[in-house]
Amino acid sequence: MKPLAKLGFIICLSSALTPVIAGRRAAIITRDELRSEIADFLGAELTIHLSAIQSLDPPPRAVLGAGATGEYTWGTFMRALAAYAELTGQRTLAGRDLAKEVGQIGLLEHRLGGSRFSQLYAVLALRHFGRDLNSNPVWLNLSDKERAAWRKLLDVSSFYDPKSQRVINLPENYLGVAARIASTSYQLGLLKDRALLDNVLTRAARPFLNGALYADDAPPTGRYDRYSNEYARYVWEAAEMADRKDILEALRPSLRAQMRLWWDLIAPDGYGYNWGRSLGVVSYLDTLEIVAFLAQHPEFRPAPLEQLASAYYRAWRWLRRDYDDQKHMLSIFAFGRGNYSYITRDREWQQTASFFGKTALAQRLLLEALDREGISQFPSEIARSPVARFEFFRRTPRAAGVWVVRQGALHFALPITTGTKPGIADYLPAPHGLPGVAAPVEQIYPALVPFLELADGRTIVAADGADTIEPSADGRSLRVVWRRWAVIGNRAGQLSEPRITSEVTWHLDGDTIVREETLMADEEIVIRQWRCAVPLTAPRYELRFGENNERWDRFSSTEAVLELNALADWPLRIYAWATGDTPLGRGARGAIPLHLIYEARDLVLPRNKPMRWRLTLRLTR
């Protein structure tokens, strides 16, 4: 075939966003309705869960049939009980004294060697009952020996080394966890060493003190995802408690930028970040926590509080629908749902307990702000404005950022960043969140980004940041160049120069998305296998032929009807594959039943001759 004309990646977006959604006017939710709905739910469900626990010594291996032996489990539940107590003012539940329960669960976490988030949730649970330990009922119910155990539990040096100023074998976001533990412990009078507190805080704030807006979770590789937002919030809250005005001042530009990005990413159902290693339930819980933070910190709000409350409500409704009223659990292991490997069956109960605790705290903070600002109602739908822009996370030494597009009902984010492993689908530079498309969770897989197997057996992928990123001035097109490639099986961020350049362009135009890639080799190179897949959430498939006998593969679901067409300067093998109950069929929010596969073998890249292929995705109604 003839070389393709230079195209781009196209996506459609229609009407301006208002509270009128798809021809219907959004319902109005009152503050009191939200207050009672969530309080009633938490009270009923926490009663059931607490009643199911008959002993803490030994603790049950499962609660209501869900595994309860994974890390952070008991600290998470302890924090949920304490947050509920502060939200409602209740001190007993299921006939049990909540302060005593929290105290005993803290001792359990000490016996289990709880660390990191278990420590954070423990110190926060203690603070929920009062900042003065002389009147704190949790502390008053403990003996001197038990108080010593609690102090040991809250020792941040269990995972933070103040000499090297590093968290021990952990990603950078745990510096934020360490900072919050230290600052809260200092606020309560448990930590007396101000120098240690300042040591942790200054180290945690280093990215922002050096002028960065976003935090790399695995420096210097360039891993940017939801943890950057959480990390900035954690450091802010820790610095606030410690009265570190220098850190607060350094953080302000970051939080303004990160909150604007989160708001641009928000989906109609309240889903926030849609790439990275903590998706699904976590991204909805993020929305609750972020709205709560913004409720208390108006200077960082990217939208009025009423609109933020709508996002909170949508996220809450999704989580409530996901909650199984028969099993009394979130459905994180339902058919077709994928989770990163750290979410094991042993942590199933912990995930539901996290839902309880984060909801209780967020609810209290949001309601306080709504009451304070005299807001008694808000729309049930999110009023989202059109967006088409590229946000740089960094420009050197290897560029990273995200292309954010939202107009009408169309919404996606295309991240150019480094994943936990080369080629992992959750981080590939593809349109995450595009209706009808989803990445299989934690799978090394060519999801909308080709894998190239070379003659020497290496498989390379254009990922892990980029050599050049050039967004258009209007944000409606994007050009990205890779000369250094990620290699499957290598460490994240470890790059190779295979003497092949990939230039990819995307462009928005109407209701179609086009991705065109040009490959140029410095010498003749044989690609043993070239492979690209489109993982689809649609259960229905049909093959159609359009004008000039063009092949269109059509996938239909209640979410979207998506049609795909591919053209290349080489022969393509095209087929659909049904995933079944396999890892490649599991998405963060539901099943990915069908994949459309494009393959080629023994592809020859001539020296200095461009070879192109183009993928067109067309949304129809």
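Procedures and definitions
- Residues numbered from 1 in each chain as written.
- Predicted model: local features only at pLDDT ≥ 70, side-chain atom pairs only at ≥ 80, totals over all residues.
- Heavy atoms only, no water.
- Helix = DSSP H or I, 4+ residues; strand = E, 2+ residues; numbered from the N terminus.
- Contact = heavy atoms within 4.5 Å.
- Areas by Shrake-Rupley, 256 points an atom, 1.4 Å probe, with all protein chains shown as cover.
- 1 Å grid on protein atoms, 1.4 Å probe; cavity = no way out; pocket = protein on both sides within 12 Å on 5 of 7 lines; lining within 4 Å.
- Points joined across faces, edges and corners; volume = space filled by probe spheres on them.
- Nonpolar A, V, L, I, M, F, W, Y, C, P; charged D, E, K, R; others polar.
- Core = buried A, V, L, I, M, F, W, Y, C linked by side-chain atoms within 4.5 Å.
- Buried < 20%, exposed > 50% of the residue type's maximum accessible area, 1.4 Å probe, protein only.
- pLDDT = per-residue confidence, 0-100.
- Pairing = 2+ DSSP bridges.
- Expected span 1.5 Å × (residues − 1).

With that settled, consider the overall build of the protein. When you go through the protein residue by residue, the secondary structure sums to 14 helices and 30 strands. Along the first, second and third principal axes, the C-alpha set of the protein runs to 80 × 55 × 45 Å. Residue pairs in contact within the protein that sit at least 24 positions apart in sequence constitute 70% of those at least 6 positions apart. Accessible surface computed for the protein: about 23,600 Å², of which carbon and sulfur atoms make up 48%.

Here we take up empty space enclosed by the protein. The probe, sized like a water molecule, is rolled over the atoms to show the empty space still left. Enumeration according to the criterion identifies four cavities of 30 Å³ or more in this entry. Roughly 160 Å³ of volume is contained in the largest cavity. If you trace the largest cavity, you find 17 residues lining it, with Leu279, Gly280, Gly338, Asn339 and Tyr340 closest to the centre. Classifying every residue of the lining of the largest cavity gives nine nonpolar, six polar and two charged. By volume, the second largest cavity is sized at about 50 Å³. Grouping the amino acids of the lining of the second largest cavity by side-chain chemistry returns six nonpolar, two polar and one charged.

Counting 148 residues, the largest nonpolar core has Trp74, Phe77 and Trp150 as the members making the most contacts within it. If you tally residues by element for this core, the top one is helix α14 (residues 348-372), at twelve residues. For Phe77, the contacting residues outside a window of four places in its chain are Leu46, His49, Leu50, Ile53, Ile105, Trp349 and Ala353.

A word on the confidence of the model for the protein. In this model, the protein carries an average pLDDT of 94, and 96% of its residues clear a pLDDT of 70 or more. Low pLDDT (under 50) marks residues 1-20, which in the prediction has 81 contacts with non-local residues, meaning those over four places away or in another chain.

An order of β21-β20-β17-β16-β24-β29-β28 is seen for the seven strands of this open sheet, with the pairing classed as antiparallel. At either end of the open sheet lies a strand with only one pairing partner, and these are β21 (495-496) and β28 (573-578). Pairing of strand β17 (residues 459-461) with strand β20 (residues 485-487), which is carried by two bridges, proceeds in the antiparallel orientation. Across the sheet, the residue bridging to Val461 is Ala486, located in β20.

Further remarks concern helix α13 (residues 305-322). Helix length check: α13, at 18 residues, gives a terminal C-alpha distance of 26 Å against a target of 26 Å (1.5 Å per residue), a fit within 8%. For α13, a buried count of 15 out of 18 residues is recorded, marking the element as mostly surrounded by other parts of the structure.

Moving on, we get to helix α7 (residues 174-188). Between the first and last C-alpha of α7 there are 21 Å, a value that for 15 residues agrees with the 21 Å anticipated at 1.5 Å per step. For α7, the tally of buried residues reaches 13 of 15 residues, placing the bulk of the element in the interior. Phi turns positive, to about 90°, at Gly189, one or two residues after α7.

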